[in-house]
Structures are given as structure tokens and as C-alpha cells.
Amino acid sequence: MTKVSEGILLGIGNPLLDISIDGDEQLLNRYGLLSNNAVLATPEQHQIFHDIVKNYKPTFIAGGATQNSIRVAQWLLQVKNATTFLGAVGDDKFKDILEKYARGVGVNVQYQVIKGEKTGVCAAIIVGLDRSLITELGAAQKFSFDFLKKPENWALVEKAKFFYIGGFLLTVSPDSVLYVSQYCSSVKKTLVMNLHATFLCDIFADQKLGLLQHIDILFGNGDEAQALAKAIGLKSVTIKDIAVEVASLPKVNSDRPRIVIFTQGKDPTYIATEGKVQEMPVDPIDPSLIKDTNGCGDAFVGGFLSQLVQGKPLSECLRCGRYAAKVVIQHFGCTFDERPDFV
């Protein structure tokens, strides 16, 4: 069993302040939004983020896919600063709110503050049973390799034993991703990554970049699995077979076999390693308890990571991932109870 020490798990990704409100059709119409839709904010829509904070009753969450998973892992570990998160934010009031809610769970956030930029935000406007999402990535897109290499930040990298990097960071700072990936292979630390979007699979498959050979554990969903298979040129067409093939691709650190985990929403999850694959059904849940499916995937990864860093077997990592997803699906946004009851 690995002792849960301070800084054992390090995440790097795009931090976003999630702002959720109960809105109305008038608000949607004012900013040209549609219910049950998701858009990136135009300059003309930027004021909506200030409008909802001032005139509604917002709920704030320290979000962004990677940061969500790190927060869930921290919640389950219950050891202050067991997790660290790096990402870029602006020099505005949203940065302060974001940091407050991330640190409130116990995550050691070390944000790169980009002067003159706005902190990334995602507003969820709930009208009836529908949810309209509007996102402004802002400073999250400015994370730099130079910030990562600062002595105080690289010291956090050297302290960590496990790393979780979201695929979205590949469009922001590919140099940072590759540098940390190569470092993990060279010192035999565990690198976990998430495909996060089908359009990113071409980057994962890029042989010149050579990222896949450094990844110890890879997460993705069914659509991303098929996109990755196409980008690599695999013959397999089923999610199950793709998982096996990807798990068997060449790897720099041969001491540790690669694990590939492909989720499929309500359908079974496939877990492949060492030429074998297992099928894990999704735990049933009373539909009346479901409040929000957004964040379930992030929670599953967070639960998995919380057990991985403790040296628990794969079966326990998966069990905790299912537990975390089941908790989060009963809350709005990627949120959870004050204390976990996972045993």
C-alpha cells in the first residue's frame, strides 16, 4: 500500500469556474442562447457571466474536466494537499472564487495568473429540465511551458508519484504535456491521461509526438476510442477490440503494462491490459435520483485515481470510480457530499 503523502497526485489541465443558476427564458433570449445547448461565448455575450453573478443566486464549482477529477480524488483521499493542480487563470475576481472553491476541498492549486486575461468560466443556466451551457476558455488557453519549468513548480512535479493530464491541454501547451510524459517514463512514475474529445485523437496518434508510448493508463469514451483507432490505423472496429489493441501498443516503461479504460455511458465499460479485456456493467440507479449526468465521467476518473495512488488493485480502483460517479450523478455539477462513505 502506498502512503498518501502530500502532493502524491498532480493534475495539469484547463481550470474553469463553473457557475450554475436557475434562470429563465428572458435571460436566454437576452443573450441569444437556446435551452439544452452548449456554445462558446462571443465577445457580445461576455457580460452574461457578470450578470448571473450579480442578479441571480449562483452556485460556484471549481471546474474544468481535469480539475474536477482531481477534486474528486482529493475528496476521497481526505488528506489535505494530497493532490496538486496546475493550470492558467486570469487576474480577475473569478480567479479568486475559483481558487477558493478548489482549495476548500483540500487541493493545492498553483495557478499561472495571466495578466490582462479573463479566468475561464462555464455558465450553466437551468430552465425547467433543460440546461444551457455557455463557456469562455479565457486564460486557460495560456498555460505555458515556462511556468511549468519554474523551480517551485517543477519541485511539485518531482514530488508527485502519479500524474493526471487531460487531453484538452494538448491544444494549449503540447510541450508541457510531452515534457512531463517523458519525465514520467524516465523515472518510472505513473502517467494517466484522458482522450477527452474525438478531435484530439489525431494528436494522441501522432507518431512524431510519440505521446502514447509514455501513457500508463488511458481513459476515453466509445466515440473517442473509435476516433483513436482510425487515427492510428487499427484494424479493430469494436470498442472491446480497440481497447485490447491500444493497451498492447509499444510503451517506453515496459515495467508497467498499459491499462486502457473505455466508458460508454449506460453501456458496459471495457478495461484492457496485457492482451485481456474485461467488461464492467454500469451500476443501476433509480432514475428519480439522477440530477445531472455532467461530471460523471470526471468523477469516475477521480474515484479511480484516489485508489490508484494508494496502491489498491485495479478492481478497487474501478469500484471507487463507480462509487464516485454514482454520488456525483445525484448532484448538480461535479459536486459531492461533505465526506465520502466509500469503504
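Structure shown above.
Note that the coordinates shown come from a computational prediction; the quantities given were computed from them, not determined experimentally.

Trainee: Mind laying out the sheet that holds strand β7 (residues 121–127), listing which residues take part and the relevant values?
Mentor: Pairing is mixed across the open sheet formed by 5 strands, whose spatial order is β3-β8-β7-β2-β4. Both edges of this open sheet fall to β3 (37–40) and β4 (59–63), since each of them pairs with a single strand only. Averaged over neighbouring strand pairs, the angle between their axes works out to 20° when direction is ignored. Where strand β2 (residues 16–22) meets β7, 6 bridges bridge the pair, whose relative direction is parallel. Paired with I19 across the strands is A123, a residue of β7. Helix α3 (residues 65–77) contacts β2 and β4 of the sheet and is inclined by roughly 95° relative to β4. Helix α4 (residues 93–105) contacts β2, β4 and β7 of the sheet and is inclined by roughly 75° relative to β4.

Trainee: Outline the side chain of Q45, listing residues and values.
Mentor: With respect to the helices, strands and loops of the structure, Q45 is situated in the loop between β3 and α2 (47–55). Within the local environment of Q45, its side chain forms a polar contact with the backbone oxygen of Y31, the two atoms lying 2.8 Å apart. Not counting chain neighbours up to four residues away, the residues in contact with Q45 comprise Y31, G32, L33, L40 and I134.

Trainee: Go over the sheet that holds strand β11 (residues 217–221), please, and point to the residues and values.
Mentor: The strand order across the open sheet formed by 9 strands is β6-β5-β1-β9-β10-β11-β12-β13-β14, and the pairing between neighbours is mixed. Whereas interior strands pair on both sides, the edge strands pair on one side only; in this sheet they are β6 (108–114) and β14 (276–280). Ignoring which end each strand starts from, the neighbouring axes of this sheet average 15° apart. In terms of strand pairing, strand β9 (residues 162–166) meets strand β10 (residues 190–194) through 5 bridges, oriented parallel. Among the inter-strand pairings, G166 is bridged to a residue of β10, identified as N194. The sheet contacts of α3 involve β1 (9–12), β5 (83–90), β6 and β9, and relative to β5 the element is tilted by about 145°.

Trainee: Give a detailed account of α3, specifying residues and quantitative values.
Mentor: Taking 1.5 Å per residue as the helical rise, α3 with its 13 residues ought to reach 18 Å, and the 19 Å between its terminal C-alpha atoms agrees with that figure. A large share of α3 lies buried, amounting to 13 of its 13 residues. Where α3 ends, the next residue or the one after it, Q78, has phi of about 55°, a positive value.

Trainee: Give a detailed account of the side chain of H214, specifying residues and quantitative values.
Mentor: By the element assignment, H214 lies in the loop between α8 (201–205) and β11. At 2.7 Å, the side chain of H214 forms a polar contact with the side chain of S185. The contacts of H214, once residues within four sequence positions are left out, are L178, S181, Q182, S185, L191 and V252.

Trainee: Report on the packing of α3 against helix α11 (residues 296–308), specifying residues and quantitative values.
Mentor: The contact between α3 and α11 brings their axes to 7 Å, and the two run at 45°. Taken together, α3 and α11 sit at an angle that is classed as oblique. Here α3 runs over α11; the crossing is right-handed. Seen from α3, the contacting residues are A65, N68, S69, V72, A73, L76 and L77; seen from α11, they are D298, A299, V301, G302, G303, L305 and S306. When grouped by side-chain class, the residues that make up the contact of α3 with α11 number 8 nonpolar, 5 polar and 1 charged.

Trainee: Any chance you could break down α11 for me, citing the residues and the numbers?
Mentor: Over its 13 residues, α11 runs 18 Å from end to end, which matches the ideal 18 Å to within 8%, given 1.5 Å per residue. Most of α11 sits inside the fold, with 12 of its 13 residues counted as buried. Along α11, the residues classified as buried are C296, D298, A299, F300, V301, G302, G303, F304, L305, S306, Q307 and L308.

Trainee: Quick rundown of the pattern of salt bridges? Include the residues and the values.
Mentor: Any two side chains of opposite charge can pair, on the condition that their charged atoms come close. Under the counting rule described, the total for this entry stands at 8 salt bridges. A salt bridge links K251 to D216; the nearest nitrogen and oxygen atoms lie 2.5 Å apart. Here the residue K251 occupies a position in the loop between α10 (239–247) and β12 (259–264), and D216 occupies one in the loop between α8 and β11, the gap between them amounting to 35 residues. Grouping residues by exposure puts K251 and D216 together as buried. Measuring nitrogen to oxygen at the nearest pair gives 2.9 Å for the salt bridge that ties R319 to E316. Here R319 pairs with E316, and both are found in helix α12 (residues 314–328), just 3 residues apart, close to one helical turn. On the accessibility criterion, R319 (29% relative accessible area) is partly exposed. Three or more residues are tied together by salt bridges with common partners; here these are D216, K251 and R256.

Trainee: Account for the pairing of β6, with residues named and values stated.
Mentor: Taken across its 7 residues, β6 has 5 buried, putting it largely inside the fold. As paired elements, β5 and β6 share 7 bridges and run parallel to each other. From the neighbouring strand, L86 faces β6, where its bridge partner is Q110. Handedness of the β5-α4-β6 crossover: right-handed.

Trainee: Please give an account of the nonpolar core that cites residues and values.
Mentor: Counting 53 residues, the largest nonpolar core has L9 and I261 as the members making the most contacts within it. The dominant element in this core, judged by the number of residues it contributes, is α11, at 5 residues. Core analysis: the next-biggest nonpolar cluster, separate from the first, contains 50 residues, A88, I165, L169 and A225 among them.

Conventions we followed
- Residues numbered from 1 in each chain as written.
- Predicted model: local features only at pLDDT ≥ 70, side-chain atom pairs only at ≥ 80, totals over all residues.
- Heavy atoms only, no water.
- Pairing = 2+ DSSP bridges.
- Helix = DSSP H or I, 4+ residues; strand = E, 2+ residues; numbered from the N terminus.
- Axes fitted to C-alpha atoms, helices over the stretch in contact; angles between N-to-C directions.
- Contact = heavy atoms within 4.5 Å.
- Polar contact = N/O pair within 3.5 Å; in protein donor to acceptor, adjacent residues only side chain to side chain.
- Expected span 1.5 Å × (residues − 1).
- Buried < 20%, exposed > 50% of the residue type's maximum accessible area, 1.4 Å probe, protein only.
- Parallel < 35°, antiparallel > 145°, perpendicular 65-115°, else oblique.
- Left-handed = near helix turned anticlockwise from the far one by under 90°.
- Nonpolar A, V, L, I, M, F, W, Y, C, P; charged D, E, K, R; others polar.
- Salt bridge = Lys/Arg side-chain N within 4 Å of Asp/Glu carboxyl O.
- Right-handed = clockwise from strand over helix to strand, strands pointing away.
- Core = buried A, V, L, I, M, F, W, Y, C linked by side-chain atoms within 4.5 Å.

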